[in-house]
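Descriptive analysis of the structure
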Amino acid sequence: MKKYFNVARTVSKTSQYPRIKIGCCIVKKNVVLAVGVNKYKSHPLQKKYNKFRSMDESHIHNNIHAELDAIIKCNRQDLIGASIYVYREDSFGNLRMCRPCEACRKLIRDSGIKEVYYTTGEGLCREVLL
């Protein structure tokens, strides 16, 4: 598990956002299928899924989230049963909460990914999506 968080961490450094750098990787059968970062660009799927966000997430714009960036690089069939690792740290190297937003959670679930791993301020967390 830590190996894939390290991949997501390395990728997060390439994010276009100066303050919030998020990286993720999608893994299936110990093979990294794709990586993604948050970007200033927009994408029709991000706009579509942002309709599912909650009122608490009104600050989220239509910019590409790291989860979407990785998912659009994969074949739908490859995603079924895969895991996604989402990583965020602050400028001091401390882990920060990076639980996928409601829009990304719906996208992840719809894509067939079954496990979500993400960073929190206290460490790492795992969720199984049903």
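You'll find the structure just up there.
Because the structure is predicted, anything quoted here is derived from the model rather than measured.

Reading guide: rules and limits
Residues numbered from 1 in each chain as written. Predicted model: local features only at pLDDT ≥ 70, side-chain atom pairs only at ≥ 80, totals over all residues. Heavy atoms only, no water. Phe/Tyr/Trp six-rings, centres within 6.5 Å; stacked < 30°, edge-to-face > 60°. Helix = DSSP H or I, 4+ residues; strand = E, 2+ residues; numbered from the N terminus. Buried < 20%, exposed > 50% of the residue type's maximum accessible area, 1.4 Å probe, protein only. Contact = heavy atoms within 4.5 Å. Polar contact = N/O pair within 3.5 Å; in protein donor to acceptor, adjacent residues only side chain to side chain. Salt bridge = Lys/Arg side-chain N within 4 Å of Asp/Glu carboxyl O. Pairing = 2+ DSSP bridges. Axes fitted to C-alpha atoms, helices over the stretch in contact; angles between N-to-C directions.

Let us look at the packing of aromatic side chains. On inspection of all chains with the given rule, the structure shows four aromatic pairs. Note on Y4 and Y85: the rings are 5.3 Å apart at their centroids and 45° apart in plane angle, and the pair reads as tilted. Placement of Y4 in helix 1 (residues 2-12) and of Y85 in strand 3 (residues 83-88) is noted, with a sequence separation of 81 residues between them. In this structure, Y4 and Y85 share a single accessibility class: buried. With a centroid separation of 4.4 Å and 25° between ring planes, the pair formed by Y17 and Y40 is classed as stacked.

Here we come to helix 5 (residues 102-111). Buried within helix 5 we find A103, C104, R105, L107, I108 and S111. On its buried side, helix 5 packs onto helix 2 (44-49), helix 3 (66-71), helix 4 (76-79), strand 3, strand 4 (115-120) and strand 5 (123-128).

As a further point, take the side chain of N63. Relative to the helices and strands, N63 resides in the loop between helix 2 and helix 3. Of the residues examined, N63 reaches a relative accessible area of 19% and is grouped as buried. Within the structure, N63 has its side chain in polar contact with the side chain of Y17 (distance 2.7 Å). In contact with N63, not counting residues within four places along its chain, are Y17, K39, Y40, K41, S42 and Q46.

So, about the pattern of salt bridges. Taken as a whole and assessed by the stated rule, the structure comprises 10 salt bridges. Between K73 and D69 there is a salt bridge; the shortest N-O distance is 3.5 Å. Looking at K73, the relative accessible area reads 49%, which means it is partly exposed. Of the residues examined, D69 reaches a relative accessible area of 3% and is grouped as buried. Where salt bridges share partners, they join R99, E102, R105 and E127 into one cluster.

On to the side chain of R105. Within the element layout of this structure, R105 appears in helix 5. On the basis of relative accessible area, R105 is assigned to the buried category, the value being 9%. Contacts of R105, omitting those with residues within four sequence positions, involve R99, P100, E127 and L129.

This part covers the sheet that holds strand 5. If you trace the five strands from one edge of the open sheet to the other, you get 2-1-3-4-5, paired in mixed fashion. The strands lining the two open edges of the sheet, one partner per strand, are strand 2 (31-37) and strand 5. Averaged over all adjacent pairs, the angle separating strand axes in this sheet is 20°, with direction ignored. The pairing of strand 4 with strand 5 spans six bridges and is antiparallel. By the bridge assignment, T120 is partnered in strand 5 with G123. Helix 1 contacts strand 1 (22-28), strand 2, strand 3, strand 4 and strand 5 of the sheet and is inclined by roughly 140° relative to strand 1.

Purely geometric stuff here, so don't read any function into it on its own.
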